[in-house]
Amino acid sequence: MRRIIILLSLLFISCTMWGQESGVLLEKISQMGNVTLEYAMTANSSDGRLLMEQRGTLDIQQMSYRITSDLLTIVSDGTTRWLYSPKSEELVICSADDSSDDPLENPFSLLSSTSVEQKKDGSFKVVHKGANGYIYTVLLTSISSKETPWKASYFTLDIDSLPADVIITDLR
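In short, a report on the structure. The shown structure was predicted, so the numbers you read here are calculated from the model rather than taken from an experiment.

Mapping Thr42 onto the fold places it in strand E1 (residues 35–44). Linking Thr42 and Arg55, residues 13 residues apart in sequence, is a C-alpha distance of 9.0 Å. Discounting chain neighbours no more than four positions away, the residues touching Thr42 are Leu50, Met52, Glu53, Ile135, Tyr136 and Thr137.

In structure tokens:
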């Protein structure tokens, strides 16, 4: 469970496109509407030790999102959040809290605590220092618009589609 929480905190950093000084990025995303971001992320301890590297995609439609990587799939319809780890065969279901200041509960809360830099190649580098002292660096390598909105079911997780031996923890 601790591992899932740590991984969740790392993946949520990919949502930091809402960060402070991200005017260009925020404007670009808001003009696009439904957006898919491709990202590469690292997490380092306060002493510089590499804790994690990963790549994935983040799909955003209003307050709903789907984060997909080889480690986790995190899906939120704005009311409920599902965290699925195929490696550990665990699913955690919890309430989505868009008013929380905790990035583990609300990835959009990173708005006031991130640093965003647009690189010459058009990508964006986002750096965030977590309350735990970890330094998260996210490189948004691709931002693309989706003309047709996703169906609402895209932002839910069908439990019946998971393997039968998945451990389910419902914290709602």
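The next point concerns the pairing of strand E3 (residues 64–69). Where burial is concerned, most of E3 is hidden: 5 out of the 6 residues are buried. Connecting the antiparallel pair strand E2 (residues 50–61) and E3 is a turn made up of 2 residues, with Gln62 showing a positive phi of about 55°. Where E3 and strand E4 (residues 73–76) come together, 4 bridges link them in antiparallel fashion. The partner of Tyr65 across the bridge, within E4, is Ser76. Between E3 and E4, which pair antiparallel in sequence order, lie 3 residues.

This brings us to the pattern of salt bridges. The full count for this structure, using the stated rule, is 2 salt bridges. The partner of Asp47 in a salt bridge is Arg49, with the nearest N and O atoms 4.0 Å apart. Of the residues examined, Asp47 reaches a relative accessible area of 61% and is grouped as exposed. Of the charged contacts, one joins Asp170 and Arg172 as a salt bridge, the two residues approaching to 2.6 Å between their closest N and O atoms. The class of Asp170 is partly exposed, set by a relative accessible area of 42%.

A separate point is the packing of aromatic side chains. Tallied over the entire structure, the rule returns 4 aromatic pairs. Between Tyr134 and Tyr136 the ring centres are 6.4 Å apart and the planes differ by 70°, which places this aromatic pair in the edge-to-face class. The exposure class assigned to Tyr134 is partly exposed, which follows from its relative accessible area of 22%. Judged by relative accessible area, which is 3%, Tyr136 ranks as buried. Where Trp150 meets Phe155, the ring centres are 5.6 Å apart and the plane angle is 90°; that geometry is what we call edge-to-face. The same class applies to Trp150 as to Phe155, namely buried. Counting every residue linked through ring pairs, the aromatic cluster contains Trp150, Tyr154 and Phe155. The ring of Tyr154 is capped by Arg66, whose NZ or CZ atom sits 4.5 Å from the centre of that ring.

About the thresholds
Residues numbered from 1 in each chain as written. Predicted model: local features only at pLDDT ≥ 70, side-chain atom pairs only at ≥ 80, totals over all residues. Heavy atoms only, no water. Helix = DSSP H or I, 4+ residues; strand = E, 2+ residues; numbered from the N terminus. Contact = heavy atoms within 4.5 Å. Buried < 20%, exposed > 50% of the residue type's maximum accessible area, 1.4 Å probe, protein only. Pairing = 2+ DSSP bridges. Salt bridge = Lys/Arg side-chain N within 4 Å of Asp/Glu carboxyl O. Phe/Tyr/Trp six-rings, centres within 6.5 Å; stacked < 30°, edge-to-face > 60°. Lys NZ or Arg CZ within 6 Å of the ring centre and 35° of its normal.

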